[in-house]
Amino acid sequence: YLADDIVESTNGDPEDVTGKAALIAKNAMMLKGFSDMKVSVDEAWGAGDYSVVRAHMRGTNDGELKEMGLPRTGKAIDMGFLEIIQWQDGKARHVWGFMNTMEMAQQLGLMGDPAATPEAKSTPK
């Protein structure tokens, strides 16, 4: 269901992923890092040539993510994300992905909770 020249633009990635082979390789890399990864769709909508999917990604980081420079942490993630997909001739042509990468880093133990810092505690809400 992927167009050969698909583009994936994700807010947490430094650049777009372009081409079917590159997107399949990115997803394979993620599965190496989270071999038990499960994605469940919470809600999906469609309008014309676009669909919007709100989903959850869950899994345990049981493998190193060398391409991202991340070690194996052995910790689980459970996080929501949103994708907007543009369709053309029955195939995904462009995907825009939105996720809270800071939340993922916190769940993996790669960074602390910014709200727990002394600076955050002294800042009025």
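For the structure, see preceding data.
Residues numbered from 1 in each chain as written. Predicted model: local features only at pLDDT ≥ 70, side-chain atom pairs only at ≥ 80, totals over all residues. Heavy atoms only, no water.

Asker: Help me get a handle on the pairing of strand β5 (residues 76-88), residues and values and all.
Answerer: In the case of a regular strand, side chains alternate between the two sheet surfaces. For strand β4 (residues 50-60) and β5, the ladder comprises 11 bridges, and the chain directions are antiparallel. Bridge pairing in β5 links Ala55 to Phe81. In this structure, β5 lies alongside strand β6 (residues 91-99), joined through eight bridges in antiparallel fashion. Of the residues in β6, the one forming a bridge with Gln86 is His94. Hairpin connection of β5 to β6: two residues between the antiparallel strands, including Asp89 at a positive phi of 55°. (Pairing = 2+ DSSP bridges. Helix = DSSP H or I, 4+ residues; strand = E, 2+ residues; numbered from the N terminus.)

Asker: Describe the sheet that holds strand β2 (residues 17-18), with residues and values.
Answerer: With respect to topology, six strands assemble into an open sheet ordered β2-β1-β6-β5-β4-β3, the strand pairing being mixed. Two strands lie at the open edges of the sheet, namely β2 and β3 (38-47), each paired on one side alone. In this sheet, β2 lies alongside strand β1 (residues 2-10) in antiparallel orientation, the contact comprising two bridges. When the sheet's bridge partners are listed, Glu8 is paired in β2 with Val17.

As far as function goes, none of this settles anything; it's purely spatial.
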